[in-house]
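Descriptive structure summary
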Amino acid sequence: MPSMNMIHISPWEATLGLFRGAADTLQDGEPLILYGPFLEEYVETALSNLAFDADLKRRNAAWGIRQLGDVDVVAKATDFERTARYEMPANNLMIVYRKNSDHENKTPAG
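All of the points below concern the structure found in this document. (Residues numbered from 1 in each chain as written. Predicted model: local features only at pLDDT ≥ 70, side-chain atom pairs only at ≥ 80, totals over all residues. Heavy atoms only, no water.)

Of regular secondary structure, the chain possesses 3 helices and 6 strands. Counting from the amino terminus, the chain carries its helices and strands in the arrangement β-α-β-β-α-β-α-β-β. Once the C-alpha set of the chain is aligned to its principal axes, its extents read approximately 45 × 25 × 25 Å. Burial analysis of the chain (110 residues in total) assigns 35% to the buried set. Sequence separation of 24 or more characterises 67% of the internal contacts of the chain that already satisfy a separation of 6 or more. Approximately 6,500 Å² of the chain is accessible, and the part contributed by carbon and sulfur atoms is 54%. Averaging the positions of the 11 positive and the 16 negative side-chain charges in the chain gives two centres separated by 3 Å. (Helix = DSSP H or I, 4+ residues; strand = E, 2+ residues; numbered from the N terminus. Buried < 20%, exposed > 50% of the residue type's maximum accessible area, 1.4 Å probe, protein only. Contact = heavy atoms within 4.5 Å. Areas by Shrake-Rupley, 256 points an atom, 1.4 Å probe, with all protein chains shown as cover. Lys, Arg positive; Asp, Glu negative; His and termini not counted. Charge placed at Lys NZ, Arg CZ, Asp CG, Glu CD.)

Let us look at the packing of aromatic side chains. What the rule picks out here adds up to 2 aromatic pairs. When the ring of Phe19 is compared with that of Phe80, the centres are 5.8 Å apart and the planes differ by 80°; the resulting orientation is edge-to-face. Taken together, the residues Phe19 in helix 1 (residues 12-25) and Phe80 in strand 5 (residues 80-88) connect sequence positions 61 residues apart. Exposure class is identical for Phe19 and Phe80. Each is buried. Between the aromatic rings of Phe19 and Tyr97, the centroid separation amounts to 5.3 Å while the plane-to-plane angle is 80°, which identifies the pairing as edge-to-face. Pair noted here: Phe19 is in helix 1 and Tyr97 is in strand 6 (residues 92-99), with a separation of 78 residues, a long-range link. Here Phe19 matches Tyr97 in class, with each residue buried. (Phe/Tyr/Trp six-rings, centres within 6.5 Å; stacked < 30°, edge-to-face > 60°.)

Before going further, it helps to spend a moment on the pairing of strand 2 (residues 31-36). Burial along strand 2 is one-sided: the face carrying Leu32, Leu34 and Gly36 is buried and the face carrying Pro31, Ile33 and Tyr35 is not. Direction of pairing for strand 1 (residues 2-4) relative to strand 2: parallel, over a ladder of 3 bridges. In the sheet register, Met4 faces strand 2, and the bridge partner there is Tyr35. Crossover connection from strand 1 via helix 1 to parallel strand 2: handedness right-handed. Looking at chain direction, strand 2 and strand 6 are connected through 6 bridges and run antiparallel. Along strand 6, the bridge assignment pairs Leu34 with Ile95. (Pairing = 2+ DSSP bridges. Right-handed = clockwise from strand over helix to strand, strands pointing away.)

So, in structure tokens, the structure goes:
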């Protein structure tokens, strides 16, 4: 299931919904593929991406380039794990998450 240039031009809640929907739709091992700009800890961000992020936030305060680590947290909470990261043109990334298991059939801990 690909999602291109979506999570930075939508509120954070859309990212949460994307992963919830993918968890309900995809079978074990199937990919959710994200494409677009991301911010990464310990990776220098291109000046063009910083300017793009500022422009997005100027247009809508709920928009902006997302921290990849924050996306990873959402992925894990919906039973996905990041399995690949590819550098793409124009300072974009392709991130591949794969569904680990059917999250609806899990018994909550505690």
